[in-house]
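# Notes for the structure review
Okay, here's what each chain looks like letter by letter:
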Amino acid sequence: MSFAIAGKILHVDLTHRRVWSERVPEAWIRQFIGSRGVNAKILWDSLKPGVDPLSPENLLIFGTGTLSGTFAPTSGRTTVTCKSPTSHLYLKTNVGGHWGTELKFAGYDYLVIHGAADTPVYLWIDNDKVEIRDARHLWGKDVRQATELIQQEAEDPSVQVALIGQGGENLVYFAAVMVSVYNAAARGGAGAVMGSKKLKAVAVRGHGSVKVADREGFYRSCHVAIKNSYEDATAKFAHLYGTAGSVPMVNEARAFPSYNFRQGYIEGAEKVGGPYLAESSYLKRRLGCNACIFCCHRYCEIDTGRYAGCFTGGPEYETISALGTGCGSIDLEVVIKANELCNIYGMDTISTGNLIQWAMECYEKKILREDQLEGLRLEWGNGDAIVEMVKRIAFRQGVGNILADGVKRAAEKIGHGSEKWAVQSKGLEQSRVETRAAFGYALAFAVNPRGPDHLHSETIAEFGTRPGGRRLIKKITGDEKYANPRLVEKRAEIVRWHEDCFAATDSLGLCAFINTSRFGVDPQQMADMFSAAIGRRVSEEELMRCGRRILTLEKGFNVREGATRADDTLPWRLMNEPLESLARGQDVMKAVEQRGGVEGFVPINSPQMLNRMLDEYYDLHHWDRKTSWPYRETLEELGLDEVIEE
Ligand code: SF4
């Protein structure tokens, strides 16, 4: 018997209405740990290159973490994997909530969706009973409504549902798969892939449990992880203020993306920050994913005013910047309302906000006119226009139809140089990190297989603002002095370490808040929990090597799709325009002074700087500098024979 995992992969072919299962090969856990790693292996083995992401040939894979279903702290994360309609490259997107654990309790570690149905369906998994059910009555319903209807049909409000809203149905390129209503597998358009398959939802009820091999050892290692996590001072901060807690300080550091990444600072940002939210009447509850010890999620309601009756999970830091300050707004009610709509329509708040601010800049430059917007005045900070645009995108109304294809395609269509303020690369809208103020992040964003965001490698340690971060930088580079976000030196080492760690974390089903964001749990402690759970000693080195193997397989997927070094880049604006608020003399000097005269301080990600970091990064990985492709020996060394063959 296998420990920790349920042991089965559930396959559903929607074209032929066929359901079957197979055992999870033990070698896959050994090589790829679980979740993200095994998903990548399934995608590599089963998807032919060149497939249209919105065709029935694409796969949609859900993978639970190997530690999911246990009480390992933050182990409720699930990875969703497919070929992305946004980038036409590899996509993994990670989500919390409770659905993944329920799937495991139903007896399955992985769910692989093949083909596409003719008419809307939903999948009903009730332990070992699996049915493809008619969902015509659910099509057109939002995430909240459809979840409730499915739970009513099951006569069980505890049934867990992963589903799409109207965004996914309408093939919005950045539609999310929503889980437990307010958790989003948001980035890269997995919801559009689900919509293209006419799969409205996957509802799960599971009554099983997960067994670990060494109960005492597992308890001990989890206890250490929990204790260490609580000793990190930021754990309490995360609980009290959520991800939004950092808004005021990031703004003060002139690194808070505002006005479509034209500024790193906005006056009054504290009014949309976590501490303000915590004191406000909007915050009603703090929520957590399964087995979480931080509970960083918020739940808000608006009781009075023009948005009275609005209620939603969030807002997170990213959402506040995307739907608020990025659009020039510091109105918290607007952010909460737009967040609610994105959640119930099932759309990525980051991409949605990015599109709206790009359109605002087009409006400012008179490229988009009021008559094209059916009278909408898309001025910076116009809250009602922000909320209205979210609706128009979800339902592809008017100009919303152009925006729904993502900012890269929208800029290609609208033209007039608007690609220069389309803040994307690989077709994915950049997440809300000011990479001109943090060069490790800049490199991590450029090489991320899915596009520029922080969820493949969160290099927060490079800021050196916390002792845990400084210790980590010393461990990676040999010297604390490299905990300096405006140094180019050692960024390659820092990024590669974080990539390995992040891949292992995702694959175990843990949350990044436990290590690369908060420094409580190091890879050795993850290896201890993993070893005790599966009953085989896994060293820290082996775990990190698995992370490297996963990352390299993901890279291999992109290479097979034709990606080259030219794809490892950053948005035009960030490489060619200095950060406005830093470029004003006084602020630059202040920032330099605060950092004690930082060498190499430039508020821009110049192509020269990026190229230097890329050379070092490819050398470190032993990938070809010219093409960025892994060398044969690198693949051999990692045991990725299947990639060598292709
Ligand atoms: S820290 Fe936040 S995102 Fe991570 S598992 Fe906990 S609640 Fe979910």
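How each quantity is defined
Residues numbered from 1 in each chain as written. Predicted model: local features only at pLDDT ≥ 70, side-chain atom pairs only at ≥ 80, totals over all residues. Heavy atoms only, no water. Helix = DSSP H or I, 4+ residues; strand = E, 2+ residues; numbered from the N terminus. Rg over C-alpha atoms; globule rule 2.2 N^0.38 Å. Buried < 20%, exposed > 50% of the residue type's maximum accessible area, 1.4 Å probe, protein only. Contact = heavy atoms within 4.5 Å. Areas by Shrake-Rupley, 256 points an atom, 1.4 Å probe, with all protein chains shown as cover. Lys, Arg positive; Asp, Glu negative; His and termini not counted. Charge placed at Lys NZ, Arg CZ, Asp CG, Glu CD. Pairing = 2+ DSSP bridges. Near = heavy atom within 4 Å. Nonpolar A, V, L, I, M, F, W, Y, C, P; charged D, E, K, R; others polar. Expected span 1.5 Å × (residues − 1). Arc of directions from axis to C-beta. Core = buried A, V, L, I, M, F, W, Y, C linked by side-chain atoms within 4.5 Å. Axes fitted to C-alpha atoms, helices over the stretch in contact; angles between N-to-C directions. Phe/Tyr/Trp six-rings, centres within 6.5 Å; stacked < 30°, edge-to-face > 60°. Lys NZ or Arg CZ within 6 Å of the ring centre and 35° of its normal. Polar contact = N/O pair within 3.5 Å; in protein donor to acceptor, adjacent residues only side chain to side chain. pLDDT = per-residue confidence, 0-100.

### Things to note about the overall build of the protein
Of regular secondary structure, the protein possesses 27 helices and 17 strands. Its C-alpha atoms give the protein a radius of gyration of 23 Å, near enough to 26 Å, the size a compact globule of 646 residues would have. Dimensions of the protein along its principal axes, counting C-alpha atoms only, are 65 × 60 × 50 Å. Out of the 646 residues in the protein, the part that is buried amounts to 66%. Residue pairs in contact within the protein that sit at least 24 positions apart in sequence constitute 68% of those at least 6 positions apart. Accessible surface computed for the protein: about 22200 Å², of which carbon and sulfur atoms make up 49%. Counting 78 positive and 83 negative side-chain charges, the protein places the centres of these two groups 1 Å from one another.

### Considering the pairing of strand β4 (residues 78–83)
Counting buried positions along β4 gives 6 out of 6 residues, so the element sits mostly inside the fold. On β4, burial covers both faces: Thr78, Val80 and Cys82 on one face and Thr79, Thr81 and Lys83 on the other are all buried. Where strand β3 (residues 60–64) and β4 come together, 4 bridges link them in antiparallel fashion. Of the residues in β4, the one forming a bridge with Thr64 is Thr78. Bridging between β4 and strand β5 (residues 90–95) involves 6 bridges; their strand directions are antiparallel. Within β5, the residue paired with Cys82 across the bridge is Leu91. From the end of β4 to the start of β5, which pair antiparallel, there are 6 residues, and His88 there has a positive phi angle of about 60°.

### Observations regarding the site of the ligand
Every residue near the ligand is listed here: Thr74, Arg77, Gly288, Cys289, Cys292, Phe294, Cys296, His297, Cys511 and Phe513. Partitioned by chemical class, the residues of the shell around the ligand number 6 nonpolar, 3 polar and 1 charged.

### Details of helix α25 (residues 607–621)
Here α25 is 15 residues long and its end C-alpha atoms lie 21 Å apart, about the 21 Å a rise of 1.5 Å per residue gives. Looking only at α25, the buried set comprises Met609, Leu610, Met613, Leu614, Tyr617, Tyr618 and His621. Take α25 and look down its axis: the buried residues cluster within an arc of 155°, on one side only. Those residues of α25 hidden inside the fold are in contact with α17 (439–447), α19 (491–508), α21 (540–560), α22 (572–576) and α26 (632–637). Remark: His622 follows α25 within two positions and exhibits a positive phi of approximately 60°.

### Considering the nonpolar core
In this structure, Phe218, Met529 and Leu543 are the most contacted members of the largest nonpolar core, which totals 68 residues. Per element, the largest residue contribution to this core is 7 residues, and it comes from helix α20 (residues 523–534). Counting 63 residues, the second largest nonpolar core, distinct from the first, contains Cys342, Ile344, Val387 and Ile414.

### Observations concerning the sheet that holds strand β6 (residues 110–114)
Spatially, the 6 strands line up as an open sheet ordered β2-β1-β6-β3-β4-β5, and their pairing is mixed. Edge positions in the sheet fall to β2 (18–23) and β5, since each of these pairs with one other strand and no more. Across the sheet, the mean angle from the axis of one strand to that of its neighbour is 15°, orientation sign disregarded. Relative to β6, β3 runs antiparallel, the two being bridged by 4 bridges.

### Topic: the packing of aromatic side chains
A ring pair, where both rings are aromatic, is described by two values, the distance of the centres and the angle of the planes. Tallying each qualifying case throughout the model produces 14 aromatic pairs. Here a set of aromatic residues connected by ring pairs shows up, and it is made of Phe71, Phe218 and Tyr219. Directly above the aromatic system of Trp20 lies the positively charged group of Arg18, at a separation of 4.1 Å from the ring centroid. Sitting over the ring of Tyr299, Arg285 keeps its end group 4.5 Å from the ring centre.

### Quick notes on α20
Between the first and last C-alpha of α20 there are 16 Å, a value that for 12 residues agrees with the 16 Å anticipated at 1.5 Å per step. Along α20, 10 of the 12 residues are buried, which leaves the element largely enclosed by surrounding structure. Within the sequence span of α20, burial applies to Pro523, Gln525, Met526, Ala527, Met529, Phe530, Ser531, Ala532, Ala533 and Ile534. As for α20, its buried residues are in contact with α1 (26–32), α7 (215–231), α18 (467–477), α19 and α21.

### Notes on the sheet that holds strand β14 (residues 297–301)
Judged by pairing direction, the sheet is antiparallel, and its 3 strands sit side by side in the order β13-β14-β15 without closing on themselves. Strands at the two margins of the open sheet, each flanked by one partner only, are β13 (283–287) and β15 (311–313). Looking at each pair of strands side by side, their axes are set apart by 15° on average, direction ignored. Where helix α8 (residues 234–241) meets the sheet, its contacts fall on β13 and β14, and the angle it forms with β14 comes to roughly 20°. Those strands touched by helix α12 (residues 332–345) are β14 and β15, and its axis lies near 70° from that of β15.

### As for the environment of Gln424
Summarising the element assignment, Gln424 is placed in strand β16 (residues 424–425). C-alpha separation for the pair Gln424 and Ala4, spaced 420 residues apart in sequence, amounts to 39 Å. Once residues within four sequence positions are removed from consideration, Gln424 is found in contact with Val407, Lys408, Glu429, Gln430, Pro452 and Pro571. In terms of polar contacts, Gln424 uses its side chain to reach the backbone amide nitrogen of Gly427, at 2.9 Å.

### Let's talk about the confidence of the model for the protein
In the predicted model, the protein carries a mean pLDDT of 94, and the fraction of residues at 70 or more is 96%. Below pLDDT 50 for its whole length, residues 584–589 participates in 7 contacts with residues either more than four positions away or in separate chains.

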